[in-house]
Amino acid sequence: MLFALETRPPGSGWLPLGGADAVEDGTLAAEVERVRGRLAELSGRPGATVEWRVAASVFHQGLATRLLSPVLAAALCHGALLDAARFHWDPHREGPVVLRTAQERAAPVAGGTVEVADWIERTVVLGVMARVARDLSGAGKVARGLLRGNTAAALAGAVRSLGADRPARRERAEEVAGNLLARPSLAGTGAYTGTDASGAAVFRRTTCCLYYRVPEAGYCGDCALRP
């Protein structure tokens with residue numbers, strides 16, 4: 001399962017992703033440390049061997065995937081515009097980030113893929129993910145350009161997953177991604193370089209998410225460092 005979006009109302013302790021900064025109260029820093037420890041555990045090494053910026057990048061890309069996937073799928077498969085700013089998460093919950101939405105009604109998609117791209121750019125790329133990137137950059141040393149690349153890679157991953165599960169939606173999903181990658185908000189982060197044996201578009205990013213710096217880890221399939 002690529003993402004989980006629960007429809008139950010956010011409970012006590014759940015925070016809105018579209019809310020105020022999470023830097024001052026230490027929420028983001030604590031989440032990055034949790035991811036750092038998990039990466040170290042998976043590699044069988046002490047936590048100190050995983051750099052803070054690596055854990056911050058992995059957390060950021062994971063969150064981007066969890067936001068972009070349901071917003072993209074709802075728009076293309078159900079004609080509904082989900083608002084990422086109304087998603088909530090519980091920073092004290094163990095395991096992967098799970099989102100809940102406080103949105104009870106969604107506006108319909110009235111146009112085509114350009115409208116969907118507009119919505120995703122405004123609510124996710126320039127909305128929640130830009131704020132999270134700013135907060136992470138303020139909490140520690142992680143490059144903004146790298147985080148923009150993470151958002152692009154998460155978008156391409158969401159498109160690929162949707163296309164594999166719903167082949168009839170693949171072309172429109174790739175149109176949305178191609179439109180977004182050409183905009184200033186994601187320009188220079190990566191591009192489609194061709195198609196694979198199944199006909200799905202292949203994405204290659206221009207920056208690295210730093211996952212290769214986790215002990216015993218390798219390069220991601222879309223990494224700029226791959227030959």
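Details of the structure are given in the entry above.
Residues numbered from 1 in each chain as written. Predicted model: local features only at pLDDT ≥ 70, side-chain atom pairs only at ≥ 80, totals over all residues. Heavy atoms only, no water.

Of the regular secondary structure elements, the protein holds 5 helices and 8 strands. Counting from the amino terminus, the protein carries its helices and strands in the arrangement β-β-α-α-β-β-β-β-α-α-α-β-β. A compact globule built from 227 residues should have a C-alpha radius of gyration of about 17 Å, and the protein, at 17 Å, falls within 12% of that. Counting every position in the protein, which comprises 227 residues, the buried fraction comes to 47%. Look at the contacts in the protein between residues 6 or more apart in sequence, and 66% of them connect residues 24 or more apart. Summed over all atoms, the accessible surface of the protein reaches about 10800 Å², with 53% contributed by carbon and sulfur. Charge centroids of the protein, computed over 27 positive and 23 negative side chains, lie 3 Å from each other. (Helix = DSSP H or I, 4+ residues; strand = E, 2+ residues; numbered from the N terminus. Rg over C-alpha atoms; globule rule 2.2 N^0.38 Å. Buried < 20%, exposed > 50% of the residue type's maximum accessible area, 1.4 Å probe, protein only. Contact = heavy atoms within 4.5 Å. Areas by Shrake-Rupley, 256 points an atom, 1.4 Å probe, with all protein chains shown as cover. Lys, Arg positive; Asp, Glu negative; His and termini not counted. Charge placed at Lys NZ, Arg CZ, Asp CG, Glu CD.)

Moving on, we come to helix H5 (residues 170-181). Helical geometry note: an α-helix holds 3.6 residues per turn, so side chains three or four residues apart project in the same direction. Over its 12 residues, H5 extends 16 Å from the first C-alpha to the last, a length consistent with the 16 Å expected when each residue adds 1.5 Å. Within the sequence span of H5, burial applies to Ala-173, Val-176, Ala-177, Leu-180 and Leu-181. All buried residues of H5 project into a common sector of 130 degrees when viewed along the axis, lining one side. (Expected span 1.5 Å × (residues − 1). Arc of directions from axis to C-beta.)

Okay, the pairing of strand E7 (residues 190-195) next. The pairing of E7 with strand E8 (residues 201-205) spans 5 bridges and is antiparallel. Residue Thr-195 lies in a different strand from E8, and its bridge partner there is Ala-201. What sits between E7 and E8 in their antiparallel hairpin is a turn of 5 residues, with Gly-199 showing a positive phi close to 95 degrees. (Pairing = 2+ DSSP bridges.)

The backbone of Leu-210 shows a phi angle near 80 degrees, a positive value even though the residue is not glycine. Locating Leu-210 in the fold gives a position in the segment after E8. Here the phi dihedral of Glu-216 falls at roughly 70 degrees; this positive angle occurs in a residue that is not glycine. Looking at the element boundaries, Glu-216 is found in the segment after E8.

For the rest of this paragraph, the subject is the state of the cysteines. Summed over all chains, the structure comprises 0 disulfides. Of all cysteine sulfurs in the structure, the one in Cys-223 sits closest to Cys-208, which takes part in no disulfide; the separation is 3.8 Å. (Disulfide = S-S within 2.5 Å.)

Right, let's talk about the nonpolar core for a bit. The biggest cluster of nonpolar side chains holds 62 residues, and the ones touching the most others in it are Phe-59, Leu-67, Ile-120 and Leu-136. Those elements that place two or more of their residues in this core are helix H1 (27-43), helix H2 (52-78), strand E4 (87-89), helix H3 (113-139), helix H4 (144-165) and H5. Of all the elements, H2 adds the most residues to this core, at 16 residues. Each residue touching Leu-136, except ones within four places of it in the same chain, is listed here: Leu-28, Val-32, Trp-52, Ala-56, Phe-59, His-60, Val-142 and Leu-147. (Core = buried A, V, L, I, M, F, W, Y, C linked by side-chain atoms within 4.5 Å.)

We now examine the environment of Ala-164. In this fold, Ala-164 is placed in helix H4. Along the backbone, Ala-164 and Ser-198 are 34 residues apart, and their C-alpha atoms lie at a distance of 9.4 Å.

Applying the stated criterion across every chain, the model contains 3 aromatic pairs. With a centroid separation of 5.5 Å and 35 degrees between ring planes, the pair formed by Tyr-212 and Tyr-219 is classed as tilted. (Phe/Tyr/Trp six-rings, centres within 6.5 Å; stacked < 30°, edge-to-face > 60°.)

We now examine the packing of H4 against H5. Packing of H4 against H5 leaves a shortest axis separation of 8 Å and a crossing angle of 170 degrees. Judged by the angle between their axes, H4 and H5 are roughly antiparallel. On the side of H4, the interface is formed by Ala-152, Leu-155, Val-159, Leu-162 and Gly-163, while H5 contributes Arg-170, Ala-173, Glu-174, Ala-177, Leu-180 and Leu-181. (Axes fitted to C-alpha atoms, helices over the stretch in contact; angles between N-to-C directions. Parallel < 35°, antiparallel > 145°, perpendicular 65-115°, else oblique.)

Where empty space is left becomes clear once a probe the size of a water molecule has been rolled over the atoms. In this structure, the largest pocket encloses a volume near 790 Å³. Lining the largest pocket are 34 residues; nearest its centre among them are Val-58, Gln-61, Gly-62, Thr-65 and Arg-66. Per-class residue counts for the lining of the largest pocket are 21 nonpolar, 7 polar and 6 charged. (1 Å grid on protein atoms, 1.4 Å probe; cavity = no way out; pocket = protein on both sides within 12 Å on 5 of 7 lines; lining within 4 Å. Points joined across faces, edges and corners; volume = space filled by probe spheres on them. Nonpolar A, V, L, I, M, F, W, Y, C, P; charged D, E, K, R; others polar.)

Shape descriptors only; they carry no functional weight alone.
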